[in-house]
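# Notes for the structure review
Single-letter residue listing:
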Amino acid sequence: MKRVVVGLSGGVDSSVAAYLLQQQGYEVIGLFMKNWHDDSVTISNECPWLEDNNDALLVAEKLGIPFQTVDLSEQYKEKIVDYMFNEYEKGRTPNPDVLCNREIKFDVFMKIALSLGADYVATGHYCRKGEVEFNGEKVYQLLAGVDNNKDQSYFLCQLSQEQLSKSLFPIGELTKPEVREIAAQMELVTAEKKDSQGLCFIGKVRLPEFLQQKLQPKEGTIIQIDKNDSVYSNDIDGELSIEDKLSFASRKLPYTPTMGKVMGKHQGAHYFTVGQRKGLNVGGTTDPLFVIATDVNTNTIYTGLSSMHPGLFKKALFIDKTEVHWIRKDLALAEGETMEVMARIRYRQPLQRATLHQFESGMYISFEEPQSAITEGQFAAWYIGDELIGSGVIS
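Attention here is on the structure that accompanies the text. In this text the structure is predicted, and so the values were computed from the model without any measurement.

The rules we used
- Residues numbered from 1 in each chain as written.
- Predicted model: local features only at pLDDT ≥ 70, side-chain atom pairs only at ≥ 80, totals over all residues.
- Heavy atoms only, no water.
- Helix = DSSP H or I, 4+ residues; strand = E, 2+ residues; numbered from the N terminus.
- Buried < 20%, exposed > 50% of the residue type's maximum accessible area, 1.4 Å probe, protein only.
- Contact = heavy atoms within 4.5 Å.
- Areas by Shrake-Rupley, 256 points an atom, 1.4 Å probe, with all protein chains shown as cover.
- Lys, Arg positive; Asp, Glu negative; His and termini not counted.
- Charge placed at Lys NZ, Arg CZ, Asp CG, Glu CD.
- Salt bridge = Lys/Arg side-chain N within 4 Å of Asp/Glu carboxyl O.
- Pairing = 2+ DSSP bridges.
- Axes fitted to C-alpha atoms, helices over the stretch in contact; angles between N-to-C directions.
- Polar contact = N/O pair within 3.5 Å; in protein donor to acceptor, adjacent residues only side chain to side chain.
- Parallel < 35°, antiparallel > 145°, perpendicular 65-115°, else oblique.
- Left-handed = near helix turned anticlockwise from the far one by under 90°.
- Nonpolar A, V, L, I, M, F, W, Y, C, P; charged D, E, K, R; others polar.
- Bend = angle between axes of the 7 residues up to and from the residue.

## Quick look at the overall build of the protein chain
Regarding its fold elements, the protein chain presents 8 helices and 18 strands. Projected onto the principal axes, the alpha-carbon positions of the protein chain cover approximately 65 × 55 × 35 Å. Classification of the 395 residues of the protein chain by burial places 52% in the buried group. When contacts within the protein chain are restricted to residue pairs at least 6 apart in sequence, those whose partners lie at least 24 apart make up 70%. If you sum the accessible surface of the protein chain, you get close to 18,700 Å²; carbon and sulfur atoms cover 47% of it. Looking at the protein chain, you have 41 positive and 54 negative side-chain charges, and the mean spots of the two groups are 3 Å apart.

Here is the structure:
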């Protein structure tokens, strides 16, 4: 009998995942990951991880499976939290959930599970695993979940073949309502529980407050750039190679504080991200202001009026060669090659038609339609059909 360790988070998805595996004849063990214990940054008095831990325990008892809690907060701090602060200080916007899966759930946690004699690790992610043969070898596929509304393949875009080979995603074939229905039929305590919001570790913590504890506030100016500014004219002189054209299309625009008018003050450019609208606290404009760029060196935020401002849109992005990750190594591009794909630059974004261009320096993704708020530090992921085949950090 194969043994599976399920990461029980105290939510409905992982609860049902454990139940389904049990039905499929696996020997199931439930493990709860405690990733955080610095109470100085939890906002409310309720202790979310204790509540979740309790719910996970009740589910394990109901299913009659062994259960324990593992404290991964040290590894979490080192691999995720410190990384996040470094990225924010550089003015980039990291994705902790993608990293949490790569570094914690399918690495540190997986090693613990395997040390308990498990054959697999299972989670409550809405995605599926497939298999194909390539040169006589088994190659694992990461496929989108059947529930279009809930597909979470994006969060697993950094997994490796090795990690996928030992993973199971029991609810990938189900929709959220079906999952809730099973939980209700089984009278699992998590059946009605709301989906957790916020970072995968801090539960009830709001990001700006969390950042403010580590990154010192410093006052800077908010500048508004006119949509007709010459910085948006796309004239390039002379004949350019494809690589130069892509480089131009994906470049960071050379904003300076003198290009626009001062709209107000902010408490630190590193708290803001491209595309952000809330939190600027600038009134009296005809349309809402959006962040179009931040500069942590000069501590300046550049904004533009309305969601259609040209400063929000780009047709291409770049991924440094050290950051290009193929789940399907057998499909990886060689230098000079291109591939038509569907891509997304954030979770829940509808897939966009795009072309991958591999060069020596790295990979460009050019989009058929200009994309709004391409954000440094976030992950771009690319698909063929419903299979996620690779991803990378936007430079």
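On we go.
## Remarks on the pattern of salt bridges
For the structure shown, the criterion picks out 18 salt bridges. When the shortest N-O distance is used, the salt bridge between E27 and R3 registers 3.1 Å. Here E27 is found in strand β2 (residues 27-34), whereas its partner R3 is found in strand β1 (residues 3-7), with 24 residues between them in sequence. We classify E27 as partly exposed; its relative accessible area is 28%. A salt bridge links K90 to E87; the shortest N-O distance between them is 3.5 Å. By relative accessible area, which is 57% here, K90 ends up exposed.

## Here we look at unusual backbone geometry
With phi around 55°, N299 is a residue other than glycine that occupies positive phi space. On the secondary structure map, N299 appears in the loop between β10 (289-295) and β11 (300-305).

## Notes on the sheet that holds strand β3 (residues 67-71)
Pairing is parallel across the open sheet formed by 5 strands, whose spatial order is β3-β2-β1-β4-β7. The open sheet has two edge strands, β3 and β7 (167-168), and neither has a second partner. With 2 bridges joining them, strand β4 (residues 120-122) and β7 adopt parallel strand pairing. Bridged to V121 within β7 is S167. Against the sheet, helix α1 (residues 12-23) engages β1, β2, β4 and β7, with an angle of about 170° to β1.

## Considering the side chain of Q349
Looking at where Q349 falls in the secondary structure, it is placed in the loop between β14 (338-344) and β15 (352-358). Within the structure, Q349 has its side chain in polar contact with the backbone nitrogen of I345 (distance 2.7 Å). Of the polar contacts made by the side chain of Q349, one reaches the side chain of Q371; its length is 2.7 Å. Once you skip the residues sitting within four places of it in the chain, Q349 turns out to touch A343, R344 and Q371.

## Looking at the packing of helix α3 (residues 73-89) against helix α4 (residues 96-115)
Two elements in contact, α3 and α4, have axes separated by 10 Å at closest approach and are oriented at 160°. It follows that α3 is roughly antiparallel to α4 by the angle criterion. Handedness of the crossing formed by α3 with α4: right-handed. Residues Q75, Y76, K79, I80, Y83 and M84 of α3 lie in contact with α4, whose contacting residues are P96, L99, C100, E103, I104, D107 and V108. When the residues that make up the contact of α3 with α4 are grouped by side-chain class, the tally is 9 nonpolar, 1 polar and 3 charged.

## With respect to α3
Taking the largest bend as the criterion, α3 deviates by roughly 25°, centred on V81. Turning to α3, its buried residues are S73, Y76, I80, V81, M84, F85, E87 and Y88. Of the residues one or two after α3, G91 is the one with positive phi, at around 85°.

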